[in-house]
Amino acid sequence: MGLSSRKAIYIPFPQAVPCSYILNMEDCLGNNPIACGKCAEVCEKNAINYDDQDEFVIREVGAVIVAIGLDVYDPTEMDEYGYTRFENVITSMEFERLICAGGPTAGHFVRPSDQVRPTRIGFIQCVGSRNPSIGRPYCSNICCMNTIKDTLLLADHYPDVKNVVFYQDIRAFGKSFEDMFQRSKKVGTRYVRGLPGDIEEDPETQNLTITVENTTSGKLEHHELDMVVLSVGVVPPEDLKKISGLLTLSKTSDGFFMESHPKLKPIDAPTRGVYFAGFCEAPKDIKESVCQAGAAASKVGGLLNAGEIHIEAITSVIDQEACTMCGVCAPICPYSAIVWEKGQPAMVIEAACAGCGACAAACNFNAITMRHFTDDQLLAQVRAVLAEKPEEKVFVFACNWCSYAGGDMAGISRLKYPSTNRVIRTMCSARVSEEMVLEAFLCGAPVVLVSGCHYADCHYINANRQTVKHVQRLWNKLERAGVRPERLQLEWISAAEGQKFANVMRQMEELRQTVTAEEIEHAREALKPKPKKEKKPKTEKEEADKEETPEEEAETVTS
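Keep in mind the model is a prediction, meaning the values are calculated, not measured.

Looking only at helices and strands, the protein chain has 16 helices and 22 strands in total. Taken over C-alpha atoms, the radius of gyration comes to 32 Å for the protein chain, far larger than the 24 Å a tight globule of 559 residues would show. Once the C-alpha set of the protein chain is aligned to its principal axes, its extents read approximately 110 × 65 × 55 Å. For the protein chain, the residues scored as buried account for 43% of the 559 residues in total. Considering only contacts in the protein chain between residues 6 or more positions apart, those separated by 24 or more positions represent 68%. Carbon and sulfur atoms make up 52% of the accessible area of the protein chain, which totals about 31700 Å². Side-chain charges of the protein chain comprise 61 positive and 78 negative groups, with the mean position of each set lying 6 Å from the other.

The next thing to look at is empty space enclosed by the protein. Taken as a whole, this structure holds 4 cavities of 30 Å³ or more when the rule is applied. By volume, the largest cavity amounts to about 120 Å³. Taken together, the residues that form the lining of the largest cavity break down as 12 nonpolar, 3 polar and no charged.

The next subject is the packing of aromatic side chains. Throughout the structure, instances matching the rule amount to 11 aromatic pairs. Judged by centre distance (6.2 Å) and plane angle (65°), the rings of Phe173 and Phe177 are edge-to-face. Residue classification places Phe177 among the buried residues on the basis of a relative accessible area of 17%. Their ring planes at 70° and their centres at 5.0 Å tell us that Phe395 and Phe397 sit as a pair that is edge-to-face. Since its relative accessible area comes to 0%, Phe395 is described here as buried.

Roughly 1700 Å³ of internal volume is contained in the largest pocket. Lining of the largest pocket is provided by 45 residues; of these, Phe13, Met93, Glu96, Asn146 and Lys149 occupy positions nearest its centre. Secondary-structure elements contributing two or more residues to the lining of the largest pocket are α2 (92-99), α3 (143-157), α4 (177-186), β12 (227-232) and α6 (286-304).

A few words on the sheet that holds strand β7 (residues 162-167). Strands sit in the order β5-β12-β6-β7-β8 across an open sheet of 5 strands; the sheet is parallel. Each having just a single partner strand, β5 (89-91) and β8 (190-193) make up the two edges of the open sheet. When strand polarity is set aside, the average angle formed by the axes of neighbouring strands in this sheet is 25°. In terms of strand pairing, strand β6 (residues 120-127) meets β7 through 5 bridges, oriented parallel. Pairing of Arg120 across the sheet is with Lys162, part of β7.

By way of backbone hydrogen bonds, the strands of a sheet pair with one another, either parallel or antiparallel. Strand order in this open sheet of 3 strands is β9-β10-β11, and the pairing throughout is antiparallel. Each end of this open sheet is capped by a strand with a single partner; those strands are β9 (198-201) and β11 (219-225). In this sheet, adjacent strand axes meet at a mean angle of 20° when their direction is disregarded.

Turning to unusual backbone geometry, a few remarks are in order. At the junction of Val17 and Pro18, the peptide bond is cis and its omega measures out at 0° in the coordinates. Its location among the elements puts Pro18 in the loop between β1 (9-10) and β2 (22-23). The phi dihedral of Ser176 is positive, around 70°, even though this residue is not glycine. With respect to the secondary-structure elements, Ser176 resides in the loop between β7 and α4. Ser176 sits in the partly exposed class, given a relative accessible area of 47%. Positioned with a positive phi, Lys389 is a non-glycine residue whose angle comes to about 45°. Here Lys389 shows up in the loop between α9 (375-385) and β19 (394-399). Judged by relative accessible area, which is 53%, Lys389 ranks as exposed.

Within the sequence span of α4, burial applies to Phe177, Phe181 and Ser184. On an axial view of α4, the arc spanned by its buried residues comes to 60°, and they lie on one face.

Counting buried residues along β19, 6 of its 6 residues qualify, which places the element largely inside the surrounding structure. Burial of the side chains of β19 extends over both faces: Val394, Val396 and Ala398 are buried on one face and Phe395, Phe397 and Cys399 on the other. Of the pairings in the sheet, the one linking β19 to strand β20 (residues 421-426) comprises 6 bridges and is parallel in character. Within β20, the position partnered with Ala398 by the bridge is Arg425. Traced from β19 through helix α10 (residues 403-412) to β20, the parallel crossover comes out right-handed. As paired elements, β19 and strand β21 (residues 447-452) share 5 bridges and run parallel to each other. The residue bridging Val394 from the neighbouring strand is Val447, located in β21.

Here the focus is the pairing of β21. A large share of β21 lies buried, amounting to 6 of its 6 residues. In β21, alternate side chains face the same way, and those of Val447, Leu449 and Ser451 on one face and Val448, Val450 and Gly452 on the other are all buried. Pairing between β21 and strand β22 (residues 488-492): 5 bridges, direction parallel. Bridge assignment links Leu449 to a residue of β22, and that residue is Gln489. In this fold, β21 hands off to helix α12 (residues 464-480), which returns the chain to β22; that crossover is right-handed.

Thresholds, definitions, all that
Residues numbered from 1 in each chain as written. Predicted model: local features only at pLDDT ≥ 70, side-chain atom pairs only at ≥ 80, totals over all residues. Heavy atoms only, no water. Helix = DSSP H or I, 4+ residues; strand = E, 2+ residues; numbered from the N terminus. Rg over C-alpha atoms; globule rule 2.2 N^0.38 Å. Buried < 20%, exposed > 50% of the residue type's maximum accessible area, 1.4 Å probe, protein only. Contact = heavy atoms within 4.5 Å. Areas by Shrake-Rupley, 256 points an atom, 1.4 Å probe, with all protein chains shown as cover. Lys, Arg positive; Asp, Glu negative; His and termini not counted. Charge placed at Lys NZ, Arg CZ, Asp CG, Glu CD. 1 Å grid on protein atoms, 1.4 Å probe; cavity = no way out; pocket = protein on both sides within 12 Å on 5 of 7 lines; lining within 4 Å. Points joined across faces, edges and corners; volume = space filled by probe spheres on them. Nonpolar A, V, L, I, M, F, W, Y, C, P; charged D, E, K, R; others polar. Phe/Tyr/Trp six-rings, centres within 6.5 Å; stacked < 30°, edge-to-face > 60°. Pairing = 2+ DSSP bridges. Axes fitted to C-alpha atoms, helices over the stretch in contact; angles between N-to-C directions. Arc of directions from axis to C-beta. Right-handed = clockwise from strand over helix to strand, strands pointing away.

Pasting the structure below:
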């Protein structure tokens, strides 16, 4: 944490796993040119090689576990707490080093400004967490209990120390966590509900004065302290974006990796054969990380020992004869499950296909069939739903994982919304082709809603990007045909947003009531597919011209 100096060869921290030494080449004097080299001389295992070069290592594996850890939030940007201005304002990580027996002060807890032991210490919670203004709206999970642990450590080592914790909410939800919280209170720690608005430093004593509104009592309080500890949150690691591109993974709105299903598949990544362990998936404590790591190892063991891989039968199939070899489908697949070479028909790797159906919706030649969600099946559902009194219905395409589940949540929660909606389930909103939407309007639908996962949270990595392209093209087509584009709506609804599903259904019903019978009839006429022009039979002269000899044709071109 920059509190002391260390040698060029060191162990990151006493409990590091693996417990091996690291040679920092930036501090080493033995590299280009060799000015020291003493470590290489005394190393019996010959583990130090100054001439070693970077190299690419290729390994063929059957599964990948992503466990890239976390980064700690840097509070420099939040200077309202004086982290860069006041020497006695430190982070919780720096606090850990100061109180650690293997730290720079050998376990003698002192404040940085004058190396005197502080007797009044304040802890400020949620620094870098639950703060949308800095792009960190999520709870970091570990900060509350980390502070409670620190107050108990101080009480054990220095009973005369007075601790004050400034917080929004104490989230002690784990096993024995509430017990620790109550023990912290019993040893004298004071908990003030409210985050400080101002910190000032006395230039002579370097003590800190905190001004805070106690939201429990409704009073403005001033606290003079010797030291302030900022309980910093955690952030996704810097490597996350790079790993996301390498393994084709999606992220949630908070920046962490998104699992295949939050309840049913919390370990699995959307990409098959990839599993998560630890903080890269979401903030969690050590216990949760260990549980997730064990589950990931178990999943991998089951996969590698299976012999055969069983996949769901909702994969796509390409008709080799109907394929025009255009290659449009290959870049659309979020799993790279479609193999295509120029001049060759595309092929599907079924083990890699997740069944989103984006390729089937994008194919203009009906060469791709998605099993159990074929075009014929979905179009038949459209026609059946709108066969009677279509003007009284709101037609909804809902993706299986989010918006359809959001409808279930609305029903389970007994939320009231109009009963005019008729929902057709697809595995992904990207499966909804332009033909299906146009068919709904041709059948007399006053309003069509396409709904799916939130734009950044697609369960098929980025398939819903294709949904946006389809809908935008349809809006343009409707406008050119003189049909109100707002009759086609696009909404992102997650599985947990039952309330939003109900609200959207109310809005769709209000929109439906504004659509007149004349508009419905006009849309039917304007969106009718134009009949293909029949080719005129060729005249005898055209047939004769076609049968010209190559010599005659060459003479014609020359003349």
